[in-house]
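An overview of the molecular structure
As a plain string of letters, each chain reads:
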Amino acid sequence: MAAGAVRRDRTHYLYIAVIVAVVLGIAVGLAAPDFATELKPLGTGFVNLIKMMISPIIFCTIVLGIGSVRKAAKVGAVGGIALGYFMVMSLVALAIGLVVGNILHPGDGLAMTDAVKEAGQGQVGEEAKDTVEFLLGIIPTTIVSAFTAGEVLQTLLVALLAGFALQAMGSVGEPVLHGVEHIQRLVFRILAMVMWAAPIGAFGAIAAVTGSAGLDALKSLAVLMIGFYVTCFLFVFIVLAALLRVVAGLNILTLFKYLGREFLLILSTSSSESALPRLIAKMEHLGVSKSVVGITVPTGYSFNLDGTMIYMTMASLFIAESMGDPMSIGEQIPLLLFLFVASKGAAGVSGAGLATLAGGLQSHRPELVDGVGLIVGIDRFMSEARALTNFAGNAVATVLIGTWTKEIDKPRVDEVLAGRMPFDEKTLLDDDHQAPKAVEDVDTGLDVPEQRDEVGAPAKV
């Protein structure tokens, strides 16, 4: 046990190195901007390393979660509650951004140049999809292409089908479940190895952002940036904190302390996807069931974009005011509801916040598209707040939905958050939690997961 503790402690050096790398990246970005912008591939490469692990981790997690539950209705209930919660919270985030934007009026006094107009038009890409194309895009070309295309929702669909199929197979599917569990362990071990490249990725990402934006962009648009950060802070520590306290009886600061390394990873890479695999592992370790984690977290990354909702609200008001065409409340609400729907169609698009904003304005208020160029320079800094807020929203949502569906081990949650059951940073898995109180099959020697006992005795293979 002592040796295991020492091995886990070594990972502290990794995250200390990440902090040092962020400081060095800022210094290099300010001292040598041209050189710093050339370091961007370092950050991009690290994020891509993490993204390549997302599909197999989601697949294994969902298949194990659904395949080990006898009743399909329970899985459907989790999905329905999750989607309903995501829609409500997205609208709440839009409303909060609307109120703050109308109080601050951040776009007053800015000038529009031809260069800014061109930059705005350049953000209207062809990647954004309408809602119908988005829904059809969930269906992969082949089962295998769901893993190679890097589309989270395609992987989610295939995993759901595989999980329900194994569920219907009963005892015959037990060996497959054990095989998937071993694959999951392999994938998480690879992820733990990849994480050691985090300092290099953080250094390259922060240096490139600092070098490309510079101090001038920050000074001229400080009101919008500060207002956006404050709004995200209020949403997380008032709205989400109150929900977590009332529903689950937990302190949000305690939960965030448990997820501190993930927040640091997001801050250094400006990508919430970089922490998705670790969020899945940590929520399972916390005591939320596999079925809830497997459905809530991947779906939330496409539908529960609280930070993006706030961003689109404030950015839209900012652009309208900066172009001398402020919108009345009657004009704001239809535009924001349109952007609310459009954001679901652009889920998974690189730079989704800015791309969705530009695409939505092009369709609904094309005269405002030129103004998108005003925020291009600081969008990367704002994307950090978007990513942090989105991640916080999904972490809280997982705990809330686990509580509502009674799929959470509350005594374990207390032990984990108190630090008495530390997360295994070496494997990202906890042996005693992956197969809790497994029952030994006397005929074959196979371990049958206890979750099969929820509605009856474990089946013999």
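Residues numbered from 1 in each chain as written. Predicted model: local features only at pLDDT ≥ 70, side-chain atom pairs only at ≥ 80, totals over all residues. Heavy atoms only, no water.

**Brief notes about the overall build of the chain**
Our working definition: Only runs of H or I of at least four residues qualify as helices and only runs of E of at least two qualify as strands under DSSP, and these elements are numbered from the N terminus. Whether two residues are in contact is decided by their heavy atoms: any pair within 4.5 Å suffices. Accessibility throughout is a Shrake-Rupley quantity obtained with a 1.4 Å probe, and a residue counts as covered only by protein chains that appear here.
Looking only at helices and strands, the chain has 22 helices and 2 strands in total. Within the chain, contacts between residues at least 6 apart in sequence are counted, and of these 82% link residues at least 24 apart. Working note: accessible area of the chain is about 19200 Å², and carbon and sulfur atoms make up 66% of it.

**Concerning the side chain of Asn394**
We count it as follows: Residue burial is assigned from relative accessible area. The probe radius is 1.4 Å, only protein chains are included, and a residue is buried under 20% of its type maximum, exposed over 50%, and partly exposed in between.
Here Asn394 is to be found in helix α20 (residues 379–404). Accessibility expressed as a relative area gives 2% for Asn394, which makes it buried. For Asn394, the residues in contact, after removing those within four places along its chain, are Leu279, Gly300, Tyr301 and Asn304.

**Looking at the UniProt feature "transmembrane region" (unreviewed entry) in the chain**
Let me state the cut-off plainly: UniProt positions are given in the numbering used here, feature names are shortened, and annotations may be inferred rather than shown by experiment.
Residues annotated by UniProt as "transmembrane region" (unreviewed entry) correspond here to residues 12–32, 52–69, 81–104, 143–166, 186–209 and 221–247. Structurally, residues 81–104 is divided into 100% helix and 0% strand, and its ends, taken at the C-alpha atoms, are 35 Å apart. Taken as a whole, residues 186–209 contains 88% helix and 0% strand, while its terminal C-alpha atoms sit 34 Å from one another.

**A few points about the packing of helix α15 (residues 276–286) against helix α21 (residues 410–417)**
To keep things clear, this is the line we draw: Axes, fitted as lines to C-alpha atoms, cover a helix only where it is in contact. Angles between the N-to-C directions of the axes lie from 0 to 180 degrees. When residues are grouped by polarity, Ala, Val, Leu, Ile, Met, Phe, Trp, Tyr, Cys and Pro land in nonpolar, Asp, Glu, Lys and Arg in charged, and all others, Gly among them, in polar.
Between α15 and α21, whose axes approach to 8 Å, the crossing angle comes to 115°. Here Glu284, His285 and Leu286 of α15 come into contact with α21, specifically with Arg412, Val413, Val416 and Leu417. Among the residues forming the contact of α15 with α21, the class breakdown is 4 nonpolar, 1 polar and 2 charged.

**Comments concerning helix α12 (residues 222–248)**
As a reminder of what qualifies: By this rule the span expected of a helix is its residue count minus one, scaled by 1.5 Å. Bend is computed residue by residue as the angle between axes fitted to the seven residues ending at the residue and the seven residues starting at it.
Between the first and last C-alpha of α12 there are 37 Å, a value that for 27 residues agrees with the 39 Å anticipated at 1.5 Å per step. Along α12, the largest kink reaches about 30° and is centred on Ala241. If you check which residues of α12 are buried, you get Leu224, Met225, Gly227, Phe228, Thr231, Cys232, Phe235, Val236, Leu240, Ala241, Leu244 and Ala248. Looking at the residues trailing α12, positive phi occurs at Gly249, about 70°.

**A short note on the packing of helix α4 (residues 40–67) against helix α9 (residues 152–169)**
We count it as follows: Relative orientations are named as follows: roughly parallel for angles under 35 degrees, roughly antiparallel for angles over 145 degrees, roughly perpendicular for angles from 65 to 115 degrees, and oblique for any other angle. Here is the rule for handedness: rotate from the far helix to the near one, and if that takes an anticlockwise turn smaller than a right angle the crossing is left-handed, while a clockwise turn gives right-handed.
Between α4 and α9, the shortest axis-to-axis distance is 8 Å and the interhelical angle comes to 30°. Taken together, the axes of α4 and α9 lie roughly parallel to each other. For the pair α4 and α9, the crossing hand works out as right-handed. Together, Ile54, Ser55, Ile58, Phe59, Ile62, Val63, Ile66 and Gly67 of α4 and Val152, Thr155, Leu156, Val158, Ala159, Leu160, Ala162, Gly163, Phe164, Leu166 and Gln167 of α9 make up the contact between the two elements. Looking at the contact of α4 with α9, its residues break down into 14 nonpolar, 5 polar and no charged.

**Overview of a nonpolar patch on the surface**
We count it as follows: Surface patches are defined over residues having more than 30% relative accessible area and no salt bridge, joining like charges when they lie within 9 Å and nonpolar side chains (Val, Leu, Ile, Met, Phe, Trp, Tyr) when within 5 Å. Here, a salt bridge means any Lys or Arg side-chain nitrogen found within 4 Å of an Asp or Glu carboxyl oxygen.
On the surface, Ile226, Val230, Phe233, Leu234, Phe237, Ile238 and Leu253 cluster together into a nonpolar patch covering about 660 Å² of accessible area. Ranked by residues supplied to the nonpolar patch, first place goes to α12 with 6 residues. By secondary structure assignment, the location of Leu234 is in helix α12.

**What about the pattern of salt bridges?**
Under the defined criterion, the tally for this structure stands at 5 salt bridges. The shortest N-O distance in the salt bridge between Glu284 and Lys290 comes to 3.2 Å. Side by side, Glu284 and Lys290 carry an identical accessibility label, which is buried. Put simply, Arg420 and Glu415 hold a salt bridge, and the shortest N to O gap is 3.1 Å. Look at Arg420 and you get exposed, because its relative accessible area is 55%. With relative accessibility at 29%, the residue Glu415 sits in the partly exposed group. Each member of the salt-bridge network shares a partner with another, and the members are Glu262, Arg278 and Lys282.

**Concerning the packing of aromatic side chains**
Quick reminder of the rule: Pairing of aromatic rings covers Phe, Tyr and the six-membered ring of Trp, with a centre-to-centre limit of 6.5 Å; geometry is then stacked below 30 degrees between planes, edge-to-face above 60, and tilted otherwise. Counted as over-ring charges are cases with an Arg CZ or a Lys NZ within 6 Å of the ring centre that also lie within 35 degrees of the ring normal.
For the structure on display, the rule yields 9 aromatic pairs. Their ring planes at 65° and their centres at 5.8 Å tell us that Tyr85 and Trp404 sit as a pair that is edge-to-face. Separated by 319 residues along the polypeptide, Tyr85 in helix α5 (residues 72–104) and Trp404 in helix α20 bring together distant segments of the chain. Since its relative accessible area comes to 8%, Tyr85 is described here as buried. One aromatic cluster is present, built from ring pairs that chain together Phe233, Phe237, Phe256, Phe263 and Phe391. The positively charged end of Lys282 is found above the aromatic ring belonging to Tyr258, 4.8 Å away from the centroid. Geometry around Tyr311 places Arg386 over its ring, the cationic atom sitting 4.2 Å from the centre.

**Considerations on the confidence of the model for the chain**
Convention followed: What pLDDT conveys is the predictor's confidence in a given residue, as a value from 0 to 100.
The pLDDT averaged across the chain works out to 75; a share of 75% of its residues lies at or above 70. Mean pLDDT in the chain bottoms out at strand β1 (residues 439–440), which sits at 34, and peaks at helix α13 (residues 252–258), which reaches 93. Every residue in residues 1–8 scores below 50 in pLDDT, and together they form 5 contacts with partners more than four places removed in sequence or on other chains. Overall, residues 432–461 carries pLDDT values under 50, and its contacts beyond four positions in sequence, including any with other chains, amount to 58 contacts.

**What to know about α9**
For α9, with 18 residues, the first-to-last C-alpha span of 26 Å sits near the 26 Å given by 1.5 Å per residue. Within the span of α9, buried status applies to Val152, Leu153, Gln154, Thr155, Leu156, Val158, Ala159, Gly163, Leu166 and Gln167. Gly170, located one to two residues past α9, shows a positive phi value of around 65°.

**Let's talk about the environment of Ile329**
Inspection of the secondary structure assignment puts Ile329 in helix α18 (residues 329–345). Residue Ile329 is classed as partly exposed on the basis of its relative accessible area, which comes to 45%. Remark: the alpha-carbon pair of Ile329 and Asn102, spanning 227 residues in sequence, is separated by 9.1 Å.

**Digging into the side chain of Ser145**
Counted only if it meets this: Polar contact is the term for a pair of N or O atoms within 3.5 Å; when the atoms are in protein, one must be able to donate a hydrogen and the other to accept it, and sequence-neighboring residues count only if both atoms are side-chain atoms.
Within the element layout of this structure, Ser145 appears in helix α8 (residues 145–148). For Ser145, a relative accessible area of 16% translates into the label buried. A polar side-chain atom of Ser145 sits 3.3 Å from the main-chain amide nitrogen of Thr141. Polar contacts involving the side chain of Ser145 include one to the main-chain carbonyl oxygen of Thr142, which spans 2.8 Å.

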